Amino acid sequence: MTKSVPSMLLDEAAIGVLYTNFENMRQNLVCPGTKSKCKQTGTIRLHGKNESQTPSQPQFRCHKCKGIFNASTMQQLLKNISVSTNTDMDFMDELSIFDSQPEQMNFIIKELQSQRIQLKQHQTQFDELAQLREELTRARQHITDLEETNRQLKEQLKEQSQKEGNILIHDTEFPPLSNRTPLPPSQNSTASKWAQLPRPKYTEQQLSPEKKQRRIAAAARIFQQPSDTHGFQYLYFFSKARMPVGRMRASLRQFGVDNSRVLDIQYPARQTIGLLVHNDFTESILQTLKEAGIHPIDFDPLDPKYVHDPKYSDASQDTRANIAHELQCARALRAIHYIRAPIKYAVARDFQNKGWISIEELKSILATKWRHPDDNANIVQNFQPEEEEDLLMDYEHTRPHLKRTITDRSASPSN
């Protein structure tokens, strides 16, 4: 076993550098054992410290020849291998040489690294720019080719039109014989025969007898006295889920309900659906639904118990009643905007009589048709219900060219 040769002790900084260099180059270290002539590469390992020295000096050992080397010897070996392999070191290995240099050198090295990264980024961007320029050149060439093709096609079309024009001129010089039947216009004309198709005419024969009878009955109501039950009301039924309005109207149609008589569909509370209908049609709709096993429920939209918002759970009954009234007013006003004229005016008057909309809101709705005085004291008298609008309801709903009202509104979040 080889004994370590006495040498100058290394300080803490030099020992740190020694550890770093040893970890980076230990795979290239050749054992310098003189007695055993080991000469093996990569066999030297760290072998503790010599605690008898101050500061403690690291020791190294070859696991082949069992030779032990002190810190000074290892420092010399690392310097030798650093000189011999200097030409093969990459940029990052070169940085380890400067670990013992002042902080200014480390700052310079970091700046060089940053510049190197930026240079790579610039090179990548330059390559992308060159590729984009090449693609732009090809695109411009393609555009030029397309413009040339378009120009040629226009010239060909112009020449063809001129030839056809000359043929038509020559044909008109010789009028057709009187005993020959003239050709149809679609054959004499250069226009497409599809452009000559007549528009379809909607005649009375296309209406079914049932629809035709309903239209006649609806038109006849204009000349009849209004019923004593004129007005509107919501019919409430149980509903397991809030279906889209389109699907709900499809279900009503399957039950035999005339959707033209259902002006509005809404969900005022959980598991509750409301249908807005005219009073004159209430009995017929209830009878139709009764035959399908559907019965109305007793529901009051102004009842405070239907205010389910948790933030009002501790409120008084009067407060909850006011909130329920506000929610009903909001639903009523929203429903009016989805109903078409002139039915919406009659519905608005009825809702105002029920206290669901205010005088100002009624005035704003009716202002789309009439001018009104600004005197609020006389507004109720000026806006007395005109019964002919109620009678127009069925006629307006049965007109085939009008789109039926479909609302997709659910209850307020407070419900």
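Everything numeric in this text was worked out from a predicted model, so none of it was measured.

Conventions we followed
Residues numbered from 1 in each chain as written. Predicted model: local features only at pLDDT ≥ 70, side-chain atom pairs only at ≥ 80, totals over all residues. Heavy atoms only, no water. Helix = DSSP H or I, 4+ residues; strand = E, 2+ residues; numbered from the N terminus. Buried < 20%, exposed > 50% of the residue type's maximum accessible area, 1.4 Å probe, protein only. Contact = heavy atoms within 4.5 Å. Areas by Shrake-Rupley, 256 points an atom, 1.4 Å probe, with all protein chains shown as cover. Pairing = 2+ DSSP bridges. Axes fitted to C-alpha atoms, helices over the stretch in contact; angles between N-to-C directions. Parallel < 35°, antiparallel > 145°, perpendicular 65-115°, else oblique. Nonpolar A, V, L, I, M, F, W, Y, C, P; charged D, E, K, R; others polar. Salt bridge = Lys/Arg side-chain N within 4 Å of Asp/Glu carboxyl O. Polar contact = N/O pair within 3.5 Å; in protein donor to acceptor, adjacent residues only side chain to side chain. pLDDT = per-residue confidence, 0-100. Phe/Tyr/Trp six-rings, centres within 6.5 Å; stacked < 30°, edge-to-face > 60°. Patch = residues over 30% accessible without salt bridge, like charges linked within 9 Å, V, L, I, M, F, W, Y side chains within 5 Å. Core = buried A, V, L, I, M, F, W, Y, C linked by side-chain atoms within 4.5 Å.

(A) Spotlight on the overall build of the chain. A tally of regular secondary structure across the chain gives 13 helices and six strands. Counting over 415 residues, the chain shows a buried share of 30%. At a minimum sequence separation of 6, the contacts of the chain that also span at least 24 residues come to 62%. As displayed, the chain offers around 28,500 Å² of accessible surface, 53% of which is attributable to carbon and sulfur atoms.

(B) Representation of the sheet that holds strand E6 (residues 272-278) in the model. On the basis of which strands lie adjacent, the open sheet formed by three strands has the order E4-E6-E5 and antiparallel pairing. The sheet is open, and its two edges are formed by strand E4 (232-238) and strand E5 (264-269), each paired on a single side. Ignoring strand direction, the axes of neighbouring strands in this sheet form an average angle of 35°. Here E4 pairs with E6 via seven bridges, running antiparallel. Across the sheet, the residue bridging to Leu-235 is Leu-275, located in E6. Relative to the sheet, helix H10 (residues 343-354) contacts E4 and E6, its axis offset from that of E4 by approximately 80°.

(C) Layout of the packing of H10 against helix H11 (residues 359-366). Between H10 and H11, the least distance of the axes is 10 Å, while the angle of their chain directions is 175°. Considered as vectors, H10 and H11 are oriented roughly antiparallel to each other. Of the residues in H11, those touching H10 at Lys-344, Tyr-345, Ala-348, Arg-349 and Gln-352 are Ile-359, Leu-362, Ile-365 and Leu-366. Its residues assigned to classes, the contact of H10 with H11 comprises six nonpolar, one polar and two charged.

(D) Quick peek at the sheet that holds strand E3 (residues 68-69). Pairing is antiparallel across the open sheet formed by three strands, whose spatial order is E1-E2-E3. At either margin of the open sheet sits one strand with a lone partner, and together these are strand E1 (44-50) and E3. Relative to E3, strand E2 (residues 57-62) runs antiparallel, the two sharing two bridges. Paired with Phe-60 across the strands is Phe-69, a residue of E3. Together, E1 and E2 form the strand contacts of helix H1 (residues 12-25), whose direction differs from that of E2 by roughly 25°.

(E) Representation of the pattern of salt bridges within the structure. Under the counting rule described, the total for this entry stands at five salt bridges. In this structure, the salt-bridge partner of Arg-151 is Glu-148, at a minimum N-O distance of 2.3 Å. Of this pair, Arg-151 and Glu-148 both sit in helix H4 (residues 103-172), three residues apart, roughly one helical turn. Among the ionic pairs, Arg-151 bridges to Glu-155, the shortest N-O distance being 2.6 Å.

(F) Quick peek at the environment of Lys-66. Mapped onto the fold, Lys-66 is located in the loop between E2 and E3. Note on Lys-66: relative accessible area 37%, which makes it partly exposed. Along the backbone, Lys-66 and Cys-38 are 28 residues apart, and their C-alpha atoms lie at a distance of 9.5 Å. In this structure the side chain of Lys-66 is engaged in a polar contact, spanning 3.4 Å, whose partner is the backbone oxygen of His-63.

(G) The confidence of the model for the chain, seen in detail. Within the chain, residue pLDDT values average 77, and 71% of them lie at 70 or more. Mean pLDDT across the elements of the chain bottoms out in helix H13 (residues 387-398) (44) and peaks in E4 (94). This stretch, residues 375-414, has a pLDDT under 50; its non-local contacts, to residues over four places away or in other chains, come to 102 contacts.

(H) Fine view of the packing of aromatic side chains. The tally for this structure, following the rule as stated, stands at seven aromatic pairs. When the ring of Phe-299 is compared with that of Tyr-306, the centres are 4.4 Å apart and the planes differ by 45°; the resulting orientation is tilted. By relative accessible area, which is 17% here, Tyr-306 ends up buried. Consider the rings of Phe-351 and Trp-356, whose centres lie 5.2 Å apart with planes at 55°: the pair is tilted. Judged by its relative accessible area of 1%, Phe-351 falls in the buried class. Looking at Trp-356, the relative accessible area reads 11%, which means it is buried. Pairwise contacts between aromatic rings join Tyr-234, Tyr-236, Phe-299, Tyr-306, Phe-351 and Trp-356 into one cluster.

(I) Focus on a nonpolar patch on the surface. On the surface, Phe-107, Ile-108 and Leu-112 cluster together into a nonpolar patch covering about 310 Å² of accessible area. Position of Phe-107 among the secondary structure elements: in helix H4. On the accessibility criterion, Phe-107 (51% relative accessible area) is exposed.

(J) Seen up close, the nonpolar core. Counting residues in each nonpolar core, the largest one holds 23 residues, and the members touching the most others are Tyr-234, Leu-263, Leu-276, Ile-336, Val-347, Phe-351 and Ile-357. Mapped by element, the contributors of at least two residues to this core are E4, helix H9 (317-337), H10 and H11. No other element matches H10, which puts six residues into this core. If we skip the residues at most four places from it in the chain, Val-347 touches Phe-232, Leu-263, Leu-276, Ile-336 and Ile-339. By size, the runner-up hydrophobic cluster in this structure holds 19 residues, among which are Leu-18, Cys-38, Met-74 and Ile-81.

(K) Up close: the pairing of E6. Counted residue by residue, E6 has seven buried out of seven residues, so it is predominantly covered. Judged by which residues are buried, E6 turns out to be covered on both faces: Thr-272, Gly-274, Leu-276 and His-278 on one side and Ile-273, Leu-275 and Val-277 on the other are all buried. Connecting E5 to the next strand, E6, in antiparallel fashion are two residues, including Gln-271 with a positive phi near 55°.

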